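Each chain, written out:
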Amino acid sequence: MIRIFLTVCALAVAGFGAAHAQPANPDGHGEDHGDNHAHGGETLQPTLHEDITTALAEGGSLVVAEVNGMVCDFCATAMTRTFGRRDEIGAVHVDLDTKTLQLVIREGLSMDDATITDLVTRSGYQLASIRRGTGA
Amino acid sequence: MRTFALAASCALLGAAAADARPVSYEGGWTVIGESDRESTSLLTHHTPHHEWSVGLKAEWMRDSDIVFTGVQATHLVKRWFAPDSQANLYAFAGAGIAEGINANPMDAEAAGLVGVMADWETRRWFVSYEARVSDFGSGVDAMQAARVGVAPYVGDFGDLHTWLMLEIDQRPERDEPVTVTPLIRFFKGSFLLELGYTPAVNEPYASFTYRF
């Protein structure tokens, strides 16, 4: 039983680790999702998800929020579900590497900073900053 | 009395947890199933506020053939945020009815449980602690468990995450009061699965969490 369990563990780690490995990227994105990103004041520029670029192409406006405490998929799921059910939101994506929540506000609609802060809190997390438009 | 004092001290020791996020986002639902060396349980909870969850719990103590069914409330006492980590302290309590099944003739009677959980995690490291005191009709029972984990690789949202973990639990009233359970956690999106084995008592460990 122990041997079976250890074998399963070893295969899982080796297999999924290899499957997850990504080629080197000149800007450093995708090489290492480790804990050393954005430390000491370094700010990583989030790579916009396909859903975000599609919604932007349809005329929405971009909001990127830095969120403290997002360390797992449950955190990301909480954020995408909370924001995803709002009419103002055309697309939502969480980038755990850059600890950012990417939002596209639908054309003609708006969502102020206080509402975004409140929704992040209701998701269980803490807002660090908000950037809008081309500066995001 | 000594048992109660020990149980109370276990509950007040205050450090870590086995369950992954017993309080969800507002409006979220979570189903948690777990089968450890002693019991098999199912908890379905709803989070009306980001600091509270309430749910229905059923737990089968397999050796004694006692089944508890009741309600459980969990309070997020404190969450500490950092850019790369978070830590949580939870308190929970449940009340309901316990009764014997199969060969156990125990009639239904009032039952309850209280406990604390705490955890700290980054995307690479995980530490947790849980202490629980329960009375399911056969006397006050206490347990505490601590867990450490490491992710051999770190994935982004939507990837399959894998964790290697080690849990140590103490149940003072058992023949084997302290056991060690190595386990592996798979985590993707809204679904989390854990598989392990407790050699000292030759029992498998399994748990799942689904959030929606």
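Residues numbered from 1 in each chain as written. Chains lettered and ligands numbered in written order. Predicted model: local features only at pLDDT ≥ 70, side-chain atom pairs only at ≥ 80, totals over all residues. Heavy atoms only, no water.

1. Structural notes on empty space enclosed by the protein
- Per the stated rule, a full pass over the model turns up seven cavities of 30 Å³ or more.
- The space that makes up the largest cavity amounts to roughly 360 Å³.
- Contributing to the lining of the largest cavity are 27 residues, with Glu34, Asp36, Glu130, Arg132 and Met143 of chain B lying nearest its centre.
- Its residues assigned to classes, the lining of the largest cavity shows nine nonpolar, six polar and twelve charged.
- Here the second largest cavity is characterised by a volume of approximately 110 Å³.
- Along the wall of the second largest cavity there are 14 residues; nearest its centre are Val71 and Cys72 of chain A together with Arg123, His161 and Trp163 of chain B.
- When contributions to the lining of the second largest cavity are tallied by element, the ones reaching two or more residues are β9 (161-170) and β10 (178-188) of chain B.
- Among the elements that line the lining of the second largest cavity, the one with the most residues is β9 of chain B, at three residues.
- Residue composition of the lining of the second largest cavity, by class: seven nonpolar, three polar and four charged. (1 Å grid on protein atoms, 1.4 Å probe; cavity = no way out; pocket = protein on both sides within 12 Å on 5 of 7 lines; lining within 4 Å. Points joined across faces, edges and corners; volume = space filled by probe spheres on them. Nonpolar A, V, L, I, M, F, W, Y, C, P; charged D, E, K, R; others polar. Helix = DSSP H or I, 4+ residues; strand = E, 2+ residues; numbered from the N terminus.)

2. Focus on the interface of chain B and chain A
- Opposite the 48 residues of chain B that make contact, chain A presents 40 residues.
- Summed over both sides, the interface of chain B with chain A buries roughly 3,800 Å², with 63% coming from carbon and sulfur.
- When the buried surface of chain B facing chain A is broken down by residue, Tyr25, Arg123 and Phe157 of chain B rank first, second and third, together holding 20% of it.
- Our enumeration of links across chain B and chain A arrives at three salt bridges.
- Put simply, chain B and chain A have 15 residue pairs in polar contact (both at pLDDT 80 or more) between them.
- Residue assignment for the side of chain B that touches chain A shows that the elements contributing at least two residues are β4 (66-82), β5 (85-100), β9, β10, β11 (191-198) and β12 (203-211) of chain B.
- Here the residues of the side of chain B that touches chain A are counted per class, giving 24 nonpolar, 13 polar and eleven charged. (Contact = heavy atoms within 4.5 Å. Buried area = accessible area lost by both parts, 1.4 Å probe. Salt bridge = Lys/Arg side-chain N within 4 Å of Asp/Glu carboxyl O. Polar contact = N/O pair within 3.5 Å; in protein donor to acceptor, adjacent residues only side chain to side chain.)

3. Quick notes on the sheet that holds strand β1 (residues 61-68) of chain A
Residue and element names in this part refer to chain A.
- If you walk across this open sheet you meet the four strands as β2-β3-β1-β4, and the pairing is antiparallel. What marks the edges here is a single partner per strand, and that holds for β2 (89-95) and β4 (126-132). Ignoring which end each strand starts from, the neighbouring axes of this sheet average 20 degrees apart.
- In the sheet, β1 pairs with β4 via six bridges, with the strands oriented antiparallel. Across the sheet, Val63 pairs through a bridge with Arg132, a residue of β4.
- Docked against the sheet, helix α3 (residues 73-84) engages β1, β2 and β3 (100-105), running at close to 170 degrees with respect to β2.
- Helix-sheet contacts for helix α4 (residues 113-123) involve β1, β3 and β4, and the interaxial angle to β4 is about 145 degrees. (Pairing = 2+ DSSP bridges. Axes fitted to C-alpha atoms, helices over the stretch in contact; angles between N-to-C directions.)

4. Brief notes about a negative patch on the surface
All names here are of chain B.
- On the surface, Glu99, Asp107, Glu109 and Asp135 cluster together to form a negatively charged patch.
- Considering the arrangement of structural elements, one finds Asp107 in the loop between β5 and β6 (109-121).
- On the accessibility criterion, Asp107 (60% relative accessible area) is exposed. (Patch = residues over 30% accessible without salt bridge, like charges linked within 9 Å, V, L, I, M, F, W, Y side chains within 5 Å. Areas by Shrake-Rupley, 256 points an atom, 1.4 Å probe, with all protein chains shown as cover. Lys, Arg positive; Asp, Glu negative; His and termini not counted. Charge placed at Lys NZ, Arg CZ, Asp CG, Glu CD. Buried < 20%, exposed > 50% of the residue type's maximum accessible area, 1.4 Å probe, protein only.)

5. Quick look at the pairing of β6 of chain B
All names here are of chain B.
- Where β5 meets β6, 13 bridges bridge the pair, whose relative direction is antiparallel. If you follow Ala95 over to β6, its bridge partner there is Gly112.
- As judged from the ten bridges shared by β6 and strand β7 (residues 125-135), these two strands associate in the antiparallel manner. Each residue of the ladder has a partner; that of Glu121, found in β7, is Phe126.
- In sequence, β6 turns back onto β7 through a hairpin of three residues.

6. Overview of the side chain of Asp65 of chain B
Residue and element names in this part refer to chain B.
- Structurally, Asp65 is set in the loop between β3 (52-61) and β4.
- Although Asp65 lies buried, it forms no salt bridge, and the closest oppositely charged side chain, Arg62, sits 8.4 Å away as judged by the N-O distance.
- Side chain to side chain, Asp65 and Trp60 meet in a polar contact 3.1 Å long.
- Residues in contact with Asp65, not counting those within four places in the same chain, are Trp60, Glu99, Gly100, Ile101, Asn102, Ala103 and Asn104.

7. With respect to the pattern of salt bridges
- The final tally for this structure, using the stated rule, is 19 salt bridges over all chains.
- Ionic pairing is found between Glu26 of chain B and Arg122 of chain A, a salt bridge with its closest N-O pair at 2.7 Å. Separated into two different chains, Glu26 of chain B in the loop between α1 (2-12) and β1 (29-35) and Arg122 of chain A in helix α4 make up a pair that spans both.
- Taking relative accessible area as the criterion, Arg122 of chain A reaches 36% and is therefore assigned partly exposed.

8. Structural notes on the state of the cysteines
- All chains considered together, the criterion is met by zero disulfides over all chains.
- Not engaged in a disulfide, the cysteine Cys72 of chain A finds its nearest cysteine sulfur in Cys75 of chain A; these two sulfurs lie 3.3 Å apart. (Disulfide = S-S within 2.5 Å.)

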